[in-house]
Amino acid sequence: MGDRVKKIQLQKLLAFGSLVILYLFFAYAGRNFVTVPTTLNILAQSYFVGFLAIGVTFVIITGGIDLSIGTVMICSALVGGELYRIHDMPLWICIIAMILVGTTFGLFNGVMVTKVGLPPFIATLGTMMVSMGLGSIITNVQSRTFPTILEADAWFARVFLRSEGNFPMGAVFLGSYLIITFIILNKTKLGRYIYAVGSNEEAVRLSGVNASNWKLAAYVISGLSAGIAAIFFSAAYTVIVPGTGQGFELSAIAAVVIGGTSLSGGVGSVTGTIIGVFIMSVLTNGLVSMGLPAPYQVFFTGVVVIVAVFMDIQRTKKANQVKRK
Amino acid sequence: MAEGTVRGEFLLEMNGIDKRFQGVHALKRCSINLRAGEVLALVGENGAGKSTMMKILTGIHSPDEGEILFYGQKVDFKTPKAAQDAGISIVHQELNLMNHLTVAQNIFIGRESKGFFLDEKSINQKSAALFERLGVKIDPQEKVQNLTVGKQQIVEIAKAISYDSKIIIFDEPTATLTDAEIDVLFEIIAELRDKGVGMIYISHRMDEIKRITDRITVLRDGEFIGTKNTAQIEIGEVIQMMIGRVTYEEPKQASTVPEGAPVVLRVENLSSVDVKGISFELHKGEILGFAGLMGAGRTETARLIFGADKRWSGDIFINGKKVEINSPADAVRNGIGYLSEDRKRFGLAVGMSVSANAVMASLDNYTSGGFINDTKIRAVSKEYVEKINVKTPSVGQTVKNLSGGNQQKVVIAKWLIRNCDVLIFDEPTRGIDVGAKSEIYKLMNALAENGKSIIMISSELPELIRMSDRILVMCEGAHTGTMPIEEADQHAIMTLATQKS
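Values in this document were obtained by computation on a predicted structure and should not be read as measured data.

Participant: Describe the overall build of chain B, and please don't skip the residues or the numbers.
Facilitator: Scanning chain B from N- to C-terminus turns up 17 helices and 22 strands. Expected size for 501 residues packed as a compact globule is a radius of gyration near 23 Å; at 26 Å, chain B falls within 12% of this value. Once the C-alpha set of chain B is aligned to its principal axes, its extents read approximately 75 × 50 × 50 Å. Split into buried and exposed, the 501 residues of chain B put 54% on the buried side.

Rendered as structure tokens:
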């Protein structure tokens, strides 16, 4: 695995270093940045993007892209809310339904890409629109709400947002998901084939491996992750508005890229992705603590993405120069 | 010797050039020199340091030690442009042309006109003058994509000349040319030589080197081995200098397959868009050569057997039993392994490690409950790396960093670990240097002796005749004949290979 691992570790170190520097900067420059509420905020905002980003990391490592995750997440949440508020289903069934909706969209994406042969960009762009439209159709363009801590079924927020003692529960789930996906990518056949497909899909196929099925699995994981993200989005925001969700996929993809996963496939890690998620979250909250309004957050997030990718390209170039004799 | 040489005997001297890349000692105090009006062949195996030497000369790399004298003056080119401005040009192996631009636009790219507006007329005239000088007919206003590869090469040469180059480097210029185009190229080279241009000619083709060059400089493992006058040296001697060891040159006299060896693979009436009703049998321990010209359908046949492409009709029998092969996964399950002609595209995930590639076809055997067993994988990879002598610092090494021959061995290891009985080698020695070639030959012979059955596709007839027990010849998708090795010679094979069915 040699220099690939070394490269990823370097990128991770770099990303982690940037995270620490960024945090220290805002601790100094911002107001009330190093406080419990801000820290909880940083964590709370990271949950749903974190799940989205981890899921799409799988797809990006195969060399593909999933643009549908943001709207699929909202669609899943709307289906859950519809079942909960209109059909009076028990909340736990609604949670399972959310996961199933996300997974189904992931499966659909995977089939479109690997069996029908659509380019990932187009297939998932289509799914983005389909899922956004479907969410509006099902709910009649009405918002759907989830219980807050003060309502019946308060356990929803207690389990998925923060516990009685204000413990950030989402962090526990996200951390567990990180560990599970890390193991899948690094220790299982599925993970090995996902990297291999991203590195050279045809060589994998000609090794007698059913490459397209393994690639399909990456899209399913991405959809599943969007379904799980829907739970944490619902717990954090409680009001789900149809027609939203666009843009979250780009935040997630930005986090993946900042974390050192290559858009051309074959290289990447979920730990890098999580660091990328926190960099973006710290940035957003930090700018707020400096009193800068929302447009600045978007602006600087864009700058960070460009700088991160630029540094990645520079390093790859250097590595190649050295290698070429 | 032509005029143009000022102080000293040589137009160019590169003395004691030393270069390291992160621990790799690419050049060890290497020296070459070039006179005006001569063609110097620069030869050596892949990785001998030819390219690095030329990259230093053209300002792409700078040497760690050593000096470059050009017209007796010490020079230090910091950029490719600096070298080009001084009069040193290179005609690359891969053509660096913009297909959608015209010939003239390509030649004068970056030098279109003095002002803001383009001056198409002037560059067309200048290009026409260049072609006249070279004695070739190419329309400067033609789009480059409409030219044959040979003419594109001439455009590159014209570009080099347009810089008023004193030195032109040709990097394997004939690799993609036809015989007629090679003749034109050689006429141009002869003409440039008469005009006093010094040329460095990099090639693996000994016959061409013998034909066109004045002196031969041999490099090996980054070291200068020697320079000889072309007229006074035999090709065998040059090869000996290049490899520094005796090659494996034992042609096969008779089939080594025992009489009555069982048929392992039988193919009946295989056909697809490129393949027309191919039938043959492959015996245990046999090497069956597939001969034919480009586009004869050999690779396509192999891919059909391997299930990589869709077949229209035909049956495949393994050990006498009919099998359904509709995907590579089916083929592998039936013990067939395919080593593609294009390793990097179809054979390897070059960004991954040696061990990851080695177990790519048999990962199932190294996982339990979905979890991969890295210890076992490393162990088996190590075993085969040693067994077939893959030169790699460790099994964790990224395949990208290995030489072509060693990459090929990794592909072989992949199929050996899968324990395939039928191996299809498609151009197994393409792009591999002489020394590594003979190792691959030895390995294939050893495999056949151990009862593996091999189909060998090759465009190099001498290699095919040396290795095969029988040779099957194809032409335009059809099977035009099969001959035992005793009857096979280049003439007989070529007759069948050009015989329209």
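Moving on from the coordinates now.
Participant: Pulling in residues and values, what's your account of the overall build of chain A?
Facilitator: Per the secondary structure count, chain A includes twelve helices and two strands. Reading the helices (α) and strands (β) of chain A from amino to carboxyl end gives α-α-α-α-α-β-α-α-α-α-β-α-α-α. The C-alpha radius of gyration computed for chain A amounts to 20 Å, which stays within 12% of the reference 20 Å derived for 325 residues, consistent with globular compactness. Each principal axis of the C-alpha atoms in chain A carries an extent, and together these give about 65 × 50 × 30 Å. In chain A, buried positions account for 53% of the 325 residues. Surface exposure of chain A reaches about 13,600 Å², of which carbon and sulfur atoms provide 71%. Charge-centre separation for chain A: the mean point of 21 positive side chains lies 16 Å from the mean point of 11 negative side chains.

Participant: I'd like to hear about the environment of B:R298, residue by residue, with values.
Facilitator: Residue and element names in this part refer to chain B. Assignment of secondary structure puts R298 in helix 9 (residues 298–305). C-alpha separation for the pair R298 and V275, spaced 23 residues apart in sequence, amounts to 8.3 Å. If sequence neighbours within four positions are ignored, R298 has contacts with F290, A291, G292, L293, E427, I457, S458, S459 and M474. Of the polar contacts made by the side chain of R298, one reaches the backbone oxygen of G292; its length is 3.2 Å. Side-chain polar atoms of R298 contact the backbone oxygen of S458, separated by 2.9 Å.

Participant: So, helix 5 (residues 149–162) of chain B: which residues are in play, and what are the values?
Facilitator: Residues and elements named next belong to chain B. In a regular helix each residue adds 1.5 Å, so 14 residues correspond to 20 Å; helix 5 covers 20 Å between its end C-alpha atoms and thus fits that length. Counted residue by residue, helix 5 has twelve buried out of 14 residues, so it is predominantly covered. For helix 5, the set of buried residues is G150, Q152, Q153, I154, V155, E156, I157, A158, K159, A160, I161 and S162. The inward-facing, buried residues of helix 5 abut strand 6 (88–91), helix 3 (103–107), helix 4 (120–134), strand 7 (167–171) and helix 6 (179–194).

Participant: Account for the pattern of salt bridges, naming residues and giving values.
Facilitator: One pass over the structure, following the stated rule, counts 27 salt bridges over all chains. B:E286 is the partner of B:R470 in a salt bridge, and the nearest nitrogen-oxygen pair spans 2.7 Å. Taken as a pair, B:R470 in strand 21 (residues 470–475) and B:E286 in the loop between strand 12 (278–283) and strand 13 (287–291) lie far apart in primary sequence, 184 residues in all. A residue is classified by how much of its surface remains accessible, and B:E286, at 3% relative accessible area, is buried. Between B:K409 and B:E439 there is a salt bridge whose closest N-O contact spans 2.6 Å. Separated by 30 residues along the polypeptide, B:K409 in helix 14 (residues 404–417) and B:E439 in helix 15 (residues 434–449) bring together distant segments of the chain. On the accessibility criterion, B:E439 (24% relative accessible area) is partly exposed. In this structure, a network of salt bridges that share partners links the residues A:E202, A:R205, B:R303 and B:D309.

Participant: I'd like to hear about the interface of chain B and chain A, residue by residue, with values.
Facilitator: Many analyses report the size of an interface as the accessible area lost when the parts associate. Counting residues at the interface gives 42 residues for chain B, matched by 27 residues for chain A. Among the residues chain B hides against chain A, the three largest losses belong to B:M352, B:M360 and B:I372. Together they make up 19% of the total. Viewed at the interface, chain A and chain B are joined by three salt bridges. The closest approach of N and O atoms between B:R303 and A:E202, which form a salt bridge, is 4.0 Å. Here chain B and chain A share eight residue pairs in polar contact (both at pLDDT 80 or more) between them.

Participant: Before we move on, can you summarise the sheet that holds strand 16 (residues 336–339) of chain B with the specific residues and values?
Facilitator: Residues and elements named next belong to chain B. Read from one edge of the open sheet, six strands run 16-19-20-13-21-22, paired in mixed fashion. One side of each edge strand has no neighbouring strand; the edge strands of this open sheet are strand 16 and strand 22 (478–484). Put simply, the sheet's adjacent strands are angled 20° from each other on average, direction ignored. Both strand 16 and strand 19 (residues 422–426) contribute to a ladder of four bridges, which runs parallel. In the sheet register, Y338 faces strand 19, and the bridge partner there is I424. Running at roughly 170° to strand 16, helix 14 makes contact with strand 16 and strand 19 of the sheet. The strands touched by helix 15 are strand 13, strand 19 and strand 20 (453–457); relative to strand 20, the strand with the most contacts, the crossing angle is about 145°.

Participant: Tell me about the packing of helix 8 (residues 189–205) of chain A against helix 9 (residues 211–237) of chain A, residues and numbers included.
Facilitator: Residue and element names in this part refer to chain A. Remark: helix 8 packs on helix 9, axes separated minimally by 9 Å, with the N-to-C direction vectors making an angle of 130°. In terms of axis orientation, helix 8 runs oblique to helix 9. Read as a crossing pair, helix 8 and helix 9 show a hand that is left-handed. Along the contact surface, helix 8 presents K189, L190, Y193, I194, V197, E201, V204 and R205, while helix 9 presents A211, W214, K215, A217, A218 and I221. A per-class count over the contact of helix 8 with helix 9 returns ten nonpolar, no polar and four charged.

Participant: Break down the packing of aromatic side chains for me, citing the residues and quoting the values.
Facilitator: Applying the stated criterion across every chain yields a total of 26 aromatic pairs over all chains. Judged by centre distance (5.3 Å) and plane angle (40°), the ring pair of A:F160 and A:F173 falls under tilted. Taken together, the residues span a long stretch of sequence, with A:F160 in helix 6 (residues 155–160) and A:F173 in helix 7 (residues 169–187) at a distance of 13 residues. Plain terms: the ring middles of A:Y193 and A:W214 are 4.9 Å apart, the flat faces sit at 40° to each other, and that makes the pair tilted. With A:Y193 in helix 8 and A:W214 in helix 9, the pair connects residues that are 21 residues apart, well separated along the chain. Three or more aromatic residues link up through ring pairs in this structure, and these residues are A:Y47, A:F51, A:Y84, A:F146, A:W155, A:F156, A:F160, A:F173, A:Y177 and A:F232. Positioned over the ring face of B:F346 is B:R303, at 5.6 Å from the centre of the ring.

Participant: Go over the sheet that holds strand 14 (residues 313–318) of chain B with me, naming the residues and quoting the values.
Facilitator: Residue and element names in this part refer to chain B. The four strands are arranged 12-11-14-15 in an open sheet whose pairing can be described as antiparallel. With partners counted over all chains shown, the strands left at the sheet margins are strand 12 and strand 15 (321–323), one partner each. The average undirected angle you get between the axes of adjacent strands in this sheet is 20°. In this structure, strand 11 (residues 263–271) lies alongside strand 12, joined through five bridges in antiparallel fashion. Counterpart to V263 in the pairing with strand 12 is H283. Contacting strand 11, strand 12 and strand 14, helix 9 runs over the sheet at an angle of about 115° to strand 11.

Participant: Go over the confidence of the model for chain B, please, and point to the residues and values.
Facilitator: Residues and elements named next belong to chain B. In the predicted model, chain B carries a mean pLDDT of 86, and 94% of its residues have values of at least 70. The low-confidence segment residues 1–7 (pLDDT under 50) makes 13 contacts with residues lying over four places distant or belonging to another chain. As scored by the predictor, the complex reaches a pTM of 0.72 and an ipTM of 0.73.

Participant: Any details on the environment of B:D374? Residues and values, ideally.
Facilitator: With respect to the helices and strands, B:D374 occurs in helix 13 (residues 374–387). The spatial distance from the C-alpha of B:D374 to the C-alpha of B:I287 is 35 Å, given a sequence separation of 87 residues.

Participant: Outline the state of the cysteines, listing residues and values.
Facilitator: Every disulfide links exactly two cysteines, by a covalent bond between their sulfur atoms. Residues and elements named next belong to chain A. Within the structure shown, the criterion is met by zero disulfides over all chains. Between C75, a cysteine without a disulfide, and C94, which holds the nearest cysteine sulfur, the sulfur-to-sulfur distance is 14 Å. The exposure class assigned to C75 is buried, which follows from its relative accessible area of 1%.

About the cut-offs
- Residues numbered from 1 in each chain as written.
- Chains lettered and ligands numbered in written order.
- Predicted model: local features only at pLDDT ≥ 70, side-chain atom pairs only at ≥ 80, totals over all residues.
- Heavy atoms only, no water.
- Helix = DSSP H or I, 4+ residues; strand = E, 2+ residues; numbered from the N terminus.
- Rg over C-alpha atoms; globule rule 2.2 N^0.38 Å.
- Buried < 20%, exposed > 50% of the residue type's maximum accessible area, 1.4 Å probe, protein only.
- Areas by Shrake-Rupley, 256 points an atom, 1.4 Å probe, with all protein chains shown as cover.
- Lys, Arg positive; Asp, Glu negative; His and termini not counted.
- Charge placed at Lys NZ, Arg CZ, Asp CG, Glu CD.
- Contact = heavy atoms within 4.5 Å.
- Polar contact = N/O pair within 3.5 Å; in protein donor to acceptor, adjacent residues only side chain to side chain.
- Expected span 1.5 Å × (residues − 1).
- Salt bridge = Lys/Arg side-chain N within 4 Å of Asp/Glu carboxyl O.
- Buried area = accessible area lost by both parts, 1.4 Å probe.
- Pairing = 2+ DSSP bridges.
- Axes fitted to C-alpha atoms, helices over the stretch in contact; angles between N-to-C directions.
- Parallel < 35°, antiparallel > 145°, perpendicular 65-115°, else oblique.
- Left-handed = near helix turned anticlockwise from the far one by under 90°.
- Nonpolar A, V, L, I, M, F, W, Y, C, P; charged D, E, K, R; others polar.
- Phe/Tyr/Trp six-rings, centres within 6.5 Å; stacked < 30°, edge-to-face > 60°.
- Lys NZ or Arg CZ within 6 Å of the ring centre and 35° of its normal.
- pLDDT = per-residue confidence, 0-100.
- Disulfide = S-S within 2.5 Å.

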